[in-house]
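# Geometric and topological summary
The lines below spell out each chain.
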Amino acid sequence: MSNSRADDVAAIRAVLADSYLAWAAGDADGMVADYTEDATAIMTGSYRDSRDVIRQSMAAAFEGPLAGSSTWNEQLGIRFVGSDGAIVISESAILFAGETEVPDDARRVKATWVLEKRYGRWLIAAYHNSPVLAPAQ
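Structural notes, computed from the coordinates. Note that the structure is a prediction, hence the values are computed from the model and not measured.

## Quick look at the packing of aromatic side chains
The geometry of two aromatic rings is summed up by the distance between their centres and the angle between their planes. For the structure on display, the rule yields four aromatic pairs. Look at Tyr 20 and Trp 113: their rings are 6.2 Å apart centre to centre, the planes differ by 75°, and that puts the pair in the edge-to-face class. Within this pair, whereas Tyr 20 is found in helix α1 (residues 3-24), its partner Trp 113 is found in strand β5 (residues 109-118), the two being separated by 93 residues in sequence. You can call Trp 113 buried: its relative accessible area is 5%. By way of ring pairs, the aromatic residues Tyr 20, Trp 113 and Tyr 127 are connected into one cluster. Its end group placed over the ring of Phe 80, Arg 5 keeps NZ or CZ at 3.8 Å from the ring centre. Residue placement shows Arg 108 over the ring face of Trp 72; its charged tip is 4.4 Å from the ring centre.

Here you go:
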């Protein structure tokens, strides 16, 4: 990996870490600070089609069912697409208020993050997650 890619990996990890910290603080504005204006988020049952829509839905969630929550995250890989694109795969789960670890695999999701470098800065352009399914018996 060249130094520029190492720098890019560090910058991408910092963007995601900042988003996770903002979630833990219940800060919807901070959570989407590194999203593009036209960012999209797809989660089970929902499609959010802009940074502002994502911010609004997270603000409402932080005032309701996600109050006091944080996330558990494990980055599984980063793959670059050209010089200004990256795909991050992670496994994540919501930790509700008072929880310090994920109670079971049923709450874990696999996630795809698409980031793009705009004006020399890595930004989240798209996010999608899907529940982790137990292996068939």
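## So, the pairing of strand β1 (residues 35-43)
One ladder, built from four bridges, connects β1 with strand β6 (residues 121-131); its direction is parallel. What sits directly across from Tyr 35, in β6, is Ile 124. In this structure, β1 lies alongside strand β2 (residues 46-48), joined through three bridges in antiparallel fashion. The partner of Ala 41 across the bridge, within β2, is Arg 48. The hairpin formed by β1 and β2 contains two residues between the paired strands, and Gly 45 there has a positive phi angle of roughly 80°.

## With respect to the sheet that holds β1
The six strands are arranged β2-β1-β6-β5-β4-β3 in an open sheet whose pairing can be described as mixed. The two strands at the open ends of the sheet, each matched to only one other strand, are β2 and β3 (70-81). Here the strands of the sheet are splayed against their neighbours by 15° on average, with no regard to which way each runs. Those strands touched by helix α3 (residues 51-63) are β1 and β2, and its axis lies near 55° from that of β1.

## As for the side chain of Asp 34
Topologically, Asp 34 is positioned in the loop between α2 (28-31) and β1. Among all residues touching Asp 34, those that are not within four sequence positions of it are Val 15, Asp 18, Arg 121, Leu 123 and Ile 124.

Cut-offs used in this document
Residues numbered from 1 in each chain as written. Predicted model: local features only at pLDDT ≥ 70, side-chain atom pairs only at ≥ 80, totals over all residues. Heavy atoms only, no water. Phe/Tyr/Trp six-rings, centres within 6.5 Å; stacked < 30°, edge-to-face > 60°. Helix = DSSP H or I, 4+ residues; strand = E, 2+ residues; numbered from the N terminus. Buried < 20%, exposed > 50% of the residue type's maximum accessible area, 1.4 Å probe, protein only. Lys NZ or Arg CZ within 6 Å of the ring centre and 35° of its normal. Pairing = 2+ DSSP bridges. Axes fitted to C-alpha atoms, helices over the stretch in contact; angles between N-to-C directions. Contact = heavy atoms within 4.5 Å.

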